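Given next are the chains, with one letter for each unit.
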Amino acid sequence: NADLAMYKAKDQGRNRYYFFTEDINTRLLDRLELEANLRYIIVRNQLYLHYQPIFDLQTKQLVGLEALVRWRQREDHLRMPGEFIPLAEEIGIICDIDSWVLATACRQLPEITGANGPRLRLALNISPKQLEMPKYADFVQEQLEINGLQPDQLELEITERVLVTDIPATEENLKKLCALGVHLSIDDFGTGYSSLGYLQKYPFNTLKVDRSFVRNIAAHDNAKRLVETIVTMGQGLGMDIVAEGIETEAEETFLREIGCERAQGYRLGRPAPINMIKGLLQKAYPETE
Ligand code: C2E
Ligand code: MG
Ligand code: MG
Ligand code: MG
């Protein structure tokens, strides 16, 4: 009996070992395949953009769009940024992606709004790596000029993470972008575990309250007070507040009542392809063509 038990344990052990290695191999292969495909993402023209509408919470007017990148790896296989942006940062191709996004979104904005359309603000997400690129600010200026956009129509969203590092190129780019009049926005505020010292250093125009805070306001009074405090602090420092991830009427009402300027979220409008955004605009501004 003892022999039999040992035999079973060994057998199970061997099985476990087998499944374990297979799992590791699969994940490694997945990653290698992803990495190999990621390198050709631009030349194969597999990127495209969705835009999420941003509303003035007080007037309920559509005032901006956030460009969100998507990867059409195959016709039947679309990938969200969470699946490839971290790896793209790791293997050093994020700058190619972010540059493509900037050029494409700046070109598409006039196409979306039309010649006599509303003056919308375009929000773009910028990787820390992008800001380390020398002359990045010049590239931004060039793209604005080519497409006839005013600098304050562009809002670059930067996560707090970036701002704790003291890389000279990053500082120079941020200073130049400020001087140019491009708006700078702190994305996912409150999730970066960073000190608030950077708020004194750069004149940020906008603070985006992360969805994780917004999500809790219905259930917890403390979460309400926290959001209220963030809004008051941001406004006290001269920033506009954008609330992310509004999903319910209660969230929308609460944020309006505490004086939050702008908001985005599934309740107000999901990220959508350019043609759907054009349709949305025609409804919001019927007098434009
Ligand atoms: P983010 O900048 O915080 O963008 C907001 C994310 O929340 C988007 O996810 C959006 O689809 C999602 N979202 C918006 N409203 C709601 C809502 O009401 N409920 C919920 N559950 N989600 C909502 P997405 O498109 O998957 O993007 C994820 C992140 O990927 C972005 O977070 C941004 O950090 C990054 N990202 C997207 N595009 C780019 C890009 O072009 N370059 C870089 N470097 N990063 C990007
Ligand atoms: Mg963002
Ligand atoms: Mg965000
Ligand atoms: Mg967020």
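Heads up: the structure comes first, above all this text.
Here goes a summary of the coordinates provided. Remember, it's a predicted structure, so these values are computed and weren't measured experimentally.

**A look at the coordination of the magnesium ion (ligand 4)**
All of the protein donors around the magnesium ion (ligand 4) are Asp 188 (OD), Asp 210 (OD) and Glu 244 (OE); their distances to the metal are 2.2 to 2.6 Å. The two metals, the magnesium ion (ligand 4) and the magnesium ion (ligand 3), are separated by 2.9 Å and share Asp 188 as a common coordinating residue. On the criterion of sequence distance, the pair formed by Asp 188 in strand E6 (residues 183-189) and Asp 210 in the loop between strand E7 (206-209) and helix H9 (211-214) is long-range, its members being 22 residues apart. For Asp 188, a relative accessible area of 24% translates into the label partly exposed. The buried category is assigned to Asp 210, whose relative accessible area is 11%.

**Some points on the side chain of Glu 157**
Mapping Glu 157 onto the fold places it in strand E5 (residues 154-159). Engagement of the side chain of Glu 157 in a polar contact is seen with the side chain of Lys 208, the distance being 2.5 Å.

**Comments concerning helix H10 (residues 221-236)**
With 16 residues, H10 ought to run about 22 Å at 1.5 Å a step, and its terminal C-alpha atoms sit 22 Å apart, in line with that. Those residues of H10 that sit buried are Ala 223, Val 227, Ile 230, Val 231 and Gly 234. One side of H10 carries all its buried residues, which in axial view fall inside an arc of 95 degrees. Facing away from the buried side of H10 by more than 90 degrees, the exposed set consists of Asp 221, Asn 222, Thr 232 and Gly 236. Following H10 by one or two positions, Gly 238 adopts a phi angle in the positive range, close to 85 degrees.

**Here's the deal with the packing of aromatic side chains**
The tally for this structure, following the rule as stated, stands at two aromatic pairs. Judged by centre distance (5.4 Å) and plane angle (75 degrees), the rings of Trp 71 and Phe 84 are edge-to-face. Of this pair, Trp 71 sits in strand E2 (residues 62-74) while Phe 84 sits in helix H2 (residues 81-90); the two residues are 13 residues apart in sequence, bridging distant segments of the chain. Neither residue differs from the other here; Trp 71 and Phe 84 are each classed as buried. When the ring of Tyr 202 is compared with that of Phe 204, the centres are 6.5 Å apart and the planes differ by 90 degrees; the resulting orientation is edge-to-face. Comparing Tyr 202 with Phe 204 shows no difference in burial state: the two are buried. Over the aromatic face of Tyr 48 sits the side chain of Arg 72, whose NZ or CZ is 4.4 Å from the ring centroid. A cation sits over an aromatic face here: Arg 270 above Tyr 266, 3.9 Å from the ring centre.

Definitions and cut-offs
Residues numbered from 1 in each chain as written. Chains lettered and ligands numbered in written order. Predicted model: local features only at pLDDT ≥ 70, side-chain atom pairs only at ≥ 80, totals over all residues. Heavy atoms only, no water. Donors = N, O, S within 2.8 Å, 3.2 Å for Na, K, Ca; no water. Helix = DSSP H or I, 4+ residues; strand = E, 2+ residues; numbered from the N terminus. Buried < 20%, exposed > 50% of the residue type's maximum accessible area, 1.4 Å probe, protein only. Polar contact = N/O pair within 3.5 Å; in protein donor to acceptor, adjacent residues only side chain to side chain. Expected span 1.5 Å × (residues − 1). Arc of directions from axis to C-beta. Phe/Tyr/Trp six-rings, centres within 6.5 Å; stacked < 30°, edge-to-face > 60°. Lys NZ or Arg CZ within 6 Å of the ring centre and 35° of its normal.

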